[in-house]
Amino acid sequence: MPVFGAAIDAGANLFDTAEVYRSEKPLGECMRRDRRSVHIVTKFAPYPTRLSARSFHKALDGSLSRLGTETIDPYLIHFPFSPLGVSRLMDRFAEIARAGKVRAIGVSNFSASQMFVAAKRLERHGIALAANEVQYSIVHRDSEQNGVLEACRKLDVALIAYRPLSGGRNRQDGSPLDKALAEIARAREKTIAQVGLNWLLSKDERIVAIPGATGAEHLRENVGAVGWTLSNEEVAALEQVTR
Ligand SMILES: NC(=O)c1ccc[n+]([C@@H]2O[C@H](COP(=O)([O-])OP(=O)(O)OC[C@H]3O[C@@H](n4cnc5c(N)ncnc54)[C@H](OP(=O)(O)O)[C@@H]3O)[C@@H](O)[C@H]2O)c1
């Protein structure tokens, strides 16, 4: 609860959860105690046993009830693997959207080609794909190589970057990247985590970073990653050591 309030005080208003994280209920409890307006991202797990429209509605209703909210924005498919295939997964999600309980629909861990299939199918229903949540950090840059970042640009879809601190490994261990991050952090009077997050956000305006933090101190530090911009030279220096 103190971290939730500290997050909103600091200016963070988007919380990422999923039915499989078991954090919907505690997050719902926080929202009941602190009524300030926030955006909630939660995710549907498309297990092979969940194929019927009914199972999708039931899962969403479960998430809404645990969160104690009436809408979710956006609601994501947690991963693409389902006997239904991407197109039919999107048909099911479109049905859910029609019920008016989600403000936007997105995906997570989808490849670029799966994103194009998903976006095309949703278009048939008059719905735009809102987001793809994938792993992306200055250490883990697959999205740049595998076409996901480019697909987000082409489709105008938000890239929600999970593990944006590489699981907390953005700290000094003597690698050229850490030395470059530390040097910029020192010159800017920022921390290494702030420089890493700012670099991530500098890649594209569609990128939303969702750093995990269990304490208010890390949380405030991470919010301090925005409101300033790395120079082109600083970005180039980081590119050079990560290439
Ligand atoms: N869609 C998916 O499949 C998927 C998969 C994985 C994760 N996610 C989402 O992404 C979120 C973030 O991922 P993550 O938590 O695995 O990785 P992360 O955000 O890269 O790293 C979190 C770790 O970094 C530490 N940390 C936070 N701020 C820090 C700072 N300023 N300086 C140094 N260390 C710091 C945290 O420690 P403290 O806890 O001590 O603050 C925690 O150990 C998750 O909470 C989840 O919502 C989604």
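In case you missed it, the structure is sitting above this.
The rules behind these values
Residues numbered from 1 in each chain as written. Predicted model: local features only at pLDDT ≥ 70, side-chain atom pairs only at ≥ 80, totals over all residues. Heavy atoms only, no water. Helix = DSSP H or I, 4+ residues; strand = E, 2+ residues; numbered from the N terminus. Rg over C-alpha atoms; globule rule 2.2 N^0.38 Å. Buried < 20%, exposed > 50% of the residue type's maximum accessible area, 1.4 Å probe, protein only. Contact = heavy atoms within 4.5 Å. Phe/Tyr/Trp six-rings, centres within 6.5 Å; stacked < 30°, edge-to-face > 60°. Core = buried A, V, L, I, M, F, W, Y, C linked by side-chain atoms within 4.5 Å. Salt bridge = Lys/Arg side-chain N within 4 Å of Asp/Glu carboxyl O. Patch = residues over 30% accessible without salt bridge, like charges linked within 9 Å, V, L, I, M, F, W, Y side chains within 5 Å. Areas by Shrake-Rupley, 256 points an atom, 1.4 Å probe, with all protein chains shown as cover. Pairing = 2+ DSSP bridges. Axes fitted to C-alpha atoms, helices over the stretch in contact; angles between N-to-C directions.

A. Layout of the overall build of the chain. Of the regular secondary structure elements, the chain holds 11 helices and 7 strands. For 243 residues, the compact-globule formula gives about 18 Å, and the C-alpha radius of gyration of the chain, at 19 Å, lands near that figure. For the chain, the spread of C-alpha atoms along the three principal axes comes to 55 × 40 × 25 Å. Scored against the burial criterion, the 243 residues of the chain give a buried share of 47%.

B. Up close: the side chain of His 78. Along the chain, His 78 falls in the loop between strand E3 (75-77) and helix H4 (85-98). Taking relative accessible area as the criterion, His 78 reaches 11% and is therefore assigned buried. Setting aside its immediate chain neighbours within four residues, His 78 contacts Ala 18, Val 20, Tyr 21, Lys 43, Phe 44, Ala 45, Pro 46, Ser 108 and Asn 109.

C. Seen up close, the packing of aromatic side chains. Scanning the model with the defined rule gives 8 aromatic pairs in all. Between the aromatic rings of Phe 4 and Phe 15, the centroid separation amounts to 4.7 Å while the plane-to-plane angle is 35°, which identifies the pairing as tilted. On the criterion of sequence distance, the pair formed by Phe 4 in helix H1 (residues 2-10) and Phe 15 in strand E1 (residues 14-16) is long-range, its members being 11 residues apart. On the basis of relative accessible area, Phe 15 is assigned to the buried category, the value being 14%. Ring geometry for Phe 56 against Phe 93: centres 6.3 Å apart, planes inclined by 85°, an arrangement best described as edge-to-face. Of this pair, Phe 56 sits in helix H3 (residues 53-67) while Phe 93 sits in helix H4; the two residues are 37 residues apart in sequence, bridging distant segments of the chain. For the pair Phe 56 and Phe 93, one class covers both residues: buried.

D. Representation of unusual backbone geometry in the model. Of note, the amide linkage connecting Asp 73 to Pro 74 takes the cis form, showing an omega dihedral of -5°. Locating Pro 74 in the fold gives a position in the loop between H3 and E3. Look at Asn 109: it is not a glycine, yet its phi comes out positive at around 60°. Examined against the element boundaries, Asn 109 turns out to sit in the loop between strand E4 (105-108) and helix H5 (112-124). The phi torsion at Glu 189 lies on the positive side, around 55°, for a residue other than glycine. Along the chain, Glu 189 falls in the loop between helix H8 (176-188) and helix H9 (192-202). Judged by its relative accessible area of 75%, Glu 189 is exposed.

E. The arrangement of the nonpolar core in detail. Counting residues in hydrophobic clusters, the biggest one holds 62 residues, and the most contacted among them are Tyr 75, Met 90, Leu 159 and Leu 238. Once residues within four sequence positions are removed from consideration, Tyr 75 is found in contact with Thr 42, Lys 43, Phe 44, Ala 59, Leu 60, Phe 93, Ile 96, Val 102, Ala 104, Ile 105 and Gly 106. Core analysis: the next-biggest nonpolar cluster, separate from the first, contains 5 residues, Val 41, Leu 76, Ala 131 and Ile 160 among them.

F. Region of interest: the pattern of salt bridges. For the structure on display, the rule yields 21 salt bridges. Measuring nitrogen to oxygen at the nearest pair gives 2.8 Å for the salt bridge that ties Arg 36 to Asp 9. One end of the pair, Arg 36, is in the loop between helix H2 (24-33) and strand E2 (39-44); the other, Asp 9, is in helix H1, and 27 residues separate them in sequence. The exposed category is assigned to Asp 9, whose relative accessible area is 58%.

G. Local environment of a nonpolar patch on the surface. There is a patch of nonpolar side chains on the surface, built from Val 20, Tyr 21 and Tyr 47 and spanning about 260 Å² of accessible area. Its location among the elements puts Val 20 in the loop between E1 and H2.

H. The arrangement of the pairing of strand E6 (residues 158-162) in detail. One ladder, built from 5 bridges, connects strand E5 (residues 129-135) with E6; its direction is parallel. Within E6, the position partnered with Asn 132 by the bridge is Leu 159. With 3 bridges joining them, E6 and strand E7 (residues 207-209) adopt parallel strand pairing. By the bridge assignment for E7, Ile 160 is matched with Val 208.

I. Expanded view of the sheet that holds E1. Pairing within the open sheet is parallel, and its 7 strands lie in the order E1-E2-E3-E4-E5-E6-E7. Taken across any chain shown, the strands that pair with only one partner, and hence form the sheet edges, are E1 and E7. Going across the sheet, the axis of each strand differs from the next one's by a mean of 25°, ignoring polarity. Both E2 and E3 contribute to a ladder of 3 bridges, which runs parallel. Residue pairing in the sheet places Lys 43 in a bridge with Leu 76 of E3.

Remember, this is a structural readout, not a statement about activity or role.
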